[in-house]
Amino acid sequence: MDNTDSSDSWFQEEDEPCFSSCDSNLMTPGGGAAVCRAEGSTSNQARSNIISHFTAMGFTEDLVIKTVNESGEENADAILETLLAYTASEECPPRGENVLTCPNSPDIDWDSSDDLSDFSDTEEKLEPSPETKMMQLVEMGYPADEVSAAIYSCDPDTCVAELMDYISAAQMAETTSDHPRKIPLEGRGPPDDKNRKLVQQEYQRGKMIKAWRSSRKVELEKRKRHSSPEDEDSINIPTVMIGFGIPGHPRNVKRRLPDEAVGPPYFYFENVALAPKGVWSTISRSLFNIEPEFVDSKHFCAAARKRGYLHNLPTENRFPLLPIPPLTIKEALPLTSRWWPPWDVRSQLNCLLTCIGSAQTTERIRKDLDGCQGYPPENIRKEVLQQCRKWNLVWTGKNRVAVLDPEEMELILGYPKGHTRGGGTSQTERYKALGNSFQVNTVAYHLSVLKNLYPSGISVLTLFSGIGGAEVALHRLGIQLNFVVAVELSAVSRNIFKGWWESTGQQGILIDDITDVTMLTTEKLKQLVNYYGGFDLIIGGSPCNNLTGSNRWHRDGLEGEHSSLFFEYCRILKTVKRLMSQNQQQQEAALG
């Protein structure tokens with residue numbers, strides 16, 4: 001981020017509201033994005049700036065000019081409210097139709113874990129306009145500039161649920177301190193050095209968002225020009241993610257795999273479901289054109305985790321791990337029930353990520369609620385619920401929230417208590433390792449079909465093995481681990497996995513000294529295949545760094561520096577299949 005001049009010229013920029021360090025008597029007393037009145041051209045420039053500011057959000061110029069004429073250009077908050085009101089009256093469907101309502105209303109039975117993703121495909125024709133989406137998201141408490149950036153950068157048909165995921169993930173990635181992103185201007189008075197610095201930071205952030213929007217637009221146009229008809233045929237990501245069936249929701253899925261994809265070896269690949277457009281089409285084409293299975297782990301635990309799984313496993317006769325894990329927050333964390341306020345209507349958590357909320361955030365929530373007498377006002381409830389959803393905060397006392405501790409995350413993700421503890425692992429490292437891991441119960445449901453196929457045990461090659469989620473799932477299914485080659489770059493994750501292997505008394509062979517998938521050359525793979533006769537299962541999930549919505553600046557898809565390692569998974573899988581096929585042919589020739 002560039003440094004800015006500390007003189008009075010710091011606040012001037014085309015397309016931005018004009019904040020001035022003039023006398024406080026000239027500041028609009030109503031607060032919001034106040035615009036200083038000046039004489040002559042200064043006033044005209046301010047009007048032009050405020051009009052450009054709101055047209056950049058997606059409002060039509062005629063509507064903005066009409067609103068500014070009615071409300072004046074002094075108070076941008078009042079202008080925004082009027083614009084949203086106009087948009088609501090013009091764009092919202094009549095009462096009785098399917099609309100997305102504000103999740104913070106205490107009168108609505110809102111399940112935040114659904115992320116508004118359970119609307120069926122038949123309702124897509126009722127997808128609201130960009131202006132209506134913006135109104136809905138702003139009413140939910142999302143900042144208007146971030147909503148505008150998300151709508152601008154995503155495809156026009158992106159639904160509100162995906163926009164919510166995108167904005168929340170981007171907020172998570174940008175949160176490097178606990179300073180509020182918005183600067184309270186009401187009652188601020190003349191800007192002192194501290195306020196000047198905060199406004200400078202916000203101003204520079206606005207410039208960065210503009211630059212990002214511009215570069216994103218150029219990149220999208222470039223990709224469109226160079227895209228092939230094959231690229232346009234993107235795989236549809238379902239809104240209700242139950243894959244080929246989940247416990248309690250069976251589906252009669254009949255699929256015929258191409259001959260080259262039939263196992264053994266069986267393979268299983270996982271990554272984030274809401275990847276950039278075309279990513280899952282490329283993954284499918286690279287893995288024998290198999291249809292991906294999209295599953296939200298909220299059906300297997302108390303937290304959402306939208307993932308895509310591409311595999312050649314059978315889909316019949318699956319079964320879940322027993323006992324069935326808690327599927328709601330209060331079941332998983334019963335001590336929170338006593339303190340849970342009636343206006344927090346969450347029943348499940350959002351996706352568990354690699355970072356957590358700060359102590360300053362939880363303390364600010366406590367102070368805000370302690371300052372209320374009785375039922376908190378709507379604006380306080382909105383802000384608290386937004387932070388609770390963003391950071392997966394749970395109630396631990398009167399007006400007190402806290403982040404999940406690692407043991408609670410282990411429980412929700414299906415790992416044994418203390419799985420990530422010990423070996424010098426810090427709290428931060430535990431959170432990161434868990435945030436990057438499999439949800440064990442979900443994976444176990446898919447892998448359960450192997451139990452009858454391999455009653456004497458299984459040999460496994462795990463790429464990007466992390467903290468051993470696949471092995472934990474197989475162990476909990478009662479499948480013996482005869483031979484495991486685990487490839488993982490993180491020393492912390494390798495240490496956690498090795499500790500679990502030893503603590504559970506595994507009798508099989510573990511090779512965990514290969515730290516990088518690029519080290520698995522053809523010769524190395526040949527040695528491993530010959531050592532144990534091949535692998536029954538090849539499993540992995542390549543890094544999602546360049547696929548997830550939390551990476552706003554380097555969401556480069558499978559061309560990104562980290563996520564391009566997916567193609568190493570493909571190379572290794574196909575090399576192993578070829579080597580095993582050659583060995584089988586040689587054995588048949590020797591017998592024949």
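- By the naming in an unreviewed UniProt entry, the protein is DNA (cytosine-5-)-methyltransferase, taken from Papaver nudicaule.
- In UniProt, the protein has this text filed under Sequence similarities (unreviewed entry): "Belongs to the class I-like SAM-binding methyltransferase superfamily. C5-methyltransferase family."
- Its UniProt record gives the protein a comment under Subcellular location (unreviewed entry), which states: "Nucleus".

Some details on the nonpolar core
Next up, step 1: By size, the foremost hydrophobic cluster in this structure holds 67 residues, and its most contacted members are Leu447, Leu450 and Leu537.
Next up, step 2: The next biggest cluster of nonpolar side chains, apart from the first, holds 39 residues, and it includes Val279, Leu310, Ile514 and Cys570.

Describing the sheet that holds strand β4 (residues 293-296)
Next up, step 1: Taken in spatial order, the 7 strands make up an open sheet running β4-β5-β3-β11-β8-β9-β10, and their pairing is mixed. A single partner strand is all that each edge strand has here, and the edge strands are β4 and β10 (509-511). Direction aside, the axes of adjacent strands within the sheet are offset by 20° on average.
Next up, step 2: Across 5 bridges, strand β3 (residues 266-272) lies against strand β5 (residues 306-311) in antiparallel orientation. Following the sheet pairing, Phe269 is matched in β5 by Leu310.
Next up, step 3: Running at roughly 20° to β5, helix α9 (residues 279-286) makes contact with β3, β4 and β5 of the sheet.

Some points on the environment of Met519
Next up, step 1: Along the chain, the position of Met519 falls in the loop between β10 and α19 (522-532).
Next up, step 2: As a C-alpha pair, Met519 and Val487 span 32 residues in sequence and 9.5 Å in three-dimensional space.
Next up, step 3: Those residues within four positions of Met519 in sequence are excluded, and the remaining contacts are Ile514 and Lys524.

A short note on the pattern of salt bridges
Next up, step 1: Applying the stated criterion across every chain, the model contains 10 salt bridges.
Next up, step 2: Between Glu293 and Arg318 there is a salt bridge, with its nearest N and O atoms 2.9 Å apart. Residue Glu293 is found in strand β4, and its partner Arg318 is found in the loop between β5 and α10 (329-332); the two are separated by 25 residues along the sequence. Accessibility classification places Glu293 together with Arg318 in one group, the buried group.
Next up, step 3: For the salt bridge of Glu568 with Arg571, the shortest nitrogen-to-oxygen distance reads 2.8 Å. You can see Glu568 and its partner Arg571 sitting in helix α20 (residues 566-591), 3 residues apart, about one turn around the helix.
Next up, step 4: Given the relative accessible area of 28%, Arg571 is considered partly exposed.
Next up, step 5: In the salt-bridge network here, residues are joined through shared partners; they are Glu363, Arg366 and Asp370.

Details of the side chain of Ser459
Next up, step 1: Relative to the helices and strands, Ser459 is located in strand β8 (residues 458-463).
Next up, step 2: Note on Ser459: relative accessible area 2%, which makes it buried.
Next up, step 3: Within the structure, the side chain of Ser459 is placed 3.3 Å from the backbone oxygen of Gly534, a separation counted as a polar contact.
Next up, step 4: When near neighbours in sequence (up to four residues on either side) are disregarded, Ser459 contacts Phe483, Tyr532, Gly534, Phe535, Asp536 and Leu537.

Concerning the packing of aromatic side chains
The relative placement of two aromatic rings is captured by the distance of their centres and the angle of their planes.
Next up, step 1: Scanning the entire structure with this criterion turns up 13 aromatic pairs.
Next up, step 2: Here the aromatic rings of Phe269 and Phe566 are separated by 5.1 Å at their centres, their planes lie at 65°, and the arrangement is edge-to-face. Residue Phe269 is located in strand β3, and its partner Phe566 is located in helix α20; the two are separated by 297 residues in the primary sequence. Each member of the pair, Phe269 as well as Phe566, carries the same accessibility label: buried.
Next up, step 3: Each ring, one from Phe300 and one from Tyr445, has its centre 5.5 Å from the other, and the planes form 50°; the classification is tilted. With a gap of 145 residues between them, Phe300 in the loop between β4 and β5 and Tyr445 in helix α15 (residues 440-447) connect regions that are remote in the sequence.
Next up, step 4: The buried category is assigned to Tyr445, whose relative accessible area is 9%.
Next up, step 5: By the ring-pair criterion, three or more aromatic residues cluster together here, those being Phe269, Phe566, Phe567 and Tyr569.
Next up, step 6: Directly above the aromatic system of Phe288 lies the positively charged group of Lys574, at a separation of 5.4 Å from the ring centroid.

Concerning empty space enclosed by the protein
Next up, step 1: Throughout the structure, instances matching the rule amount to 6 cavities of 30 Å³ or more.
Next up, step 2: Estimated volume of the largest cavity: approximately 120 Å³.
Next up, step 3: Residue composition of the lining of the largest cavity, by class: 10 nonpolar, 1 polar and 1 charged.

Digging into α19
Next up, step 1: Taken together, the buried positions of α19 are occupied by Leu525, Leu528 and Val529. Looking straight down α19, one finds that the buried residues subtend no more than 100° of arc, so they occupy a single side.
Next up, step 2: Looking at the packing, one finds that the buried side of α19 touches β9 (481-487), β10 and α20.
Next up, step 3: In the segment just after α19, Gly533 is the residue with positive phi, at about 85°.

Description of the packing of α19 against α20
Next up, step 1: Interhelical geometry of α19 versus α20 gives an angle of 50° and a closest axis separation of 10 Å. The orientation of α19 with respect to α20, classified from their angle, is oblique. Relative to α20, α19 is oriented so that their crossing is right-handed. Listed contacts from α20 to Thr522, Leu525, Lys526, Val529 and Asn530 of α19 are Ile572, Thr575, Val576, Arg578, Leu579, Met580 and Asn583.
Next up, step 2: In the contact of α19 with α20, the residues fall into 6 nonpolar, 4 polar and 2 charged.

What counts and how
- Every chain's residues receive numbers from 1 upward, in the order its sequence appears when written.
- In view of the model being predicted, local features appear only for residues whose pLDDT reaches at least 70, and side-chain atom pairs are presented and counted only at 80 or more, with totals across whole chains, interfaces and linings using the full set of residues.
- In computing side-chain values, all of the structure's heavy atoms are included and hydrogens and water are not.
- UniProt positions are given in the numbering used here, feature names are shortened, and annotations may be inferred rather than shown by experiment.
- Buried Ala, Val, Leu, Ile, Met, Phe, Trp, Tyr and Cys residues form a nonpolar core when they are joined through side-chain atoms within 4.5 Å.
- Exposure categories follow from relative accessible area, calculated using a 1.4 Å probe and restricted to protein chains: below 20% of the type maximum is buried, above 50% is exposed, and the middle band is partly exposed.
- At least two bridges found by DSSP between two strands are what make those strands a pair.
- To qualify as a helix, a DSSP run of H or I must reach at least 4 residues; to qualify as a strand, a run of E must reach at least 2; elements of each kind are numbered from the N terminus.
- Axis angles are defined between N-to-C directions and span 0 to 180 degrees, where every axis is a line fitted to C-alpha atoms and, for a helix, only to the segment in contact.
- Residue contacts are defined here by distance: any two heavy atoms, one from each residue, within 4.5 Å place the two residues in contact.
- By convention in these notes, a salt bridge is any Lys or Arg side-chain nitrogen within 4 Å of a carboxyl oxygen on Asp or Glu.
- Any pair of nitrogen or oxygen atoms within 3.5 Å is treated as a polar contact; in protein, a donor-acceptor pairing is required on top of that, and neighbouring residues in sequence qualify only through side-chain atoms on both sides.
- Each Phe, Tyr or Trp ring (for Trp, its six-membered ring) is paired with any other whose centre lies within 6.5 Å, and the angle between the two planes then decides the class: stacked below 30 degrees, edge-to-face above 60, tilted in between.
- Two conditions define a charge located above a ring, namely a distance within 6 Å from the ring centre to NZ of Lys or CZ of Arg, and an angle within 35 degrees of the ring normal.
- Here a cavity denotes a set of grid points, spaced 1 Å apart and computed over the protein atoms alone, in which a 1.4 Å probe fits but from which it cannot get out, and a pocket denotes an open set meeting protein on both sides within 12 Å along at least five of seven lines; residues with an atom within 4 Å of a point are reported as lining.
- Grid points are joined across faces, edges and corners, and a volume is the space filled by probe spheres set on the points.
- Ten residues, namely Ala, Val, Leu, Ile, Met, Phe, Trp, Tyr, Cys and Pro, are considered nonpolar, four, namely Asp, Glu, Lys and Arg, are considered charged, and the remaining ones, Gly among them, are considered polar.
- Read the arc as the range of directions from the helix axis to the C-beta atoms.
- Any angle from 65 to 115 degrees is called roughly perpendicular, while one under 35 is roughly parallel, one over 145 is roughly antiparallel, and all others are oblique.
- Note on convention: near helix rotated counterclockwise from far helix by under a right angle means a left-handed crossing. Clockwise means right-handed.

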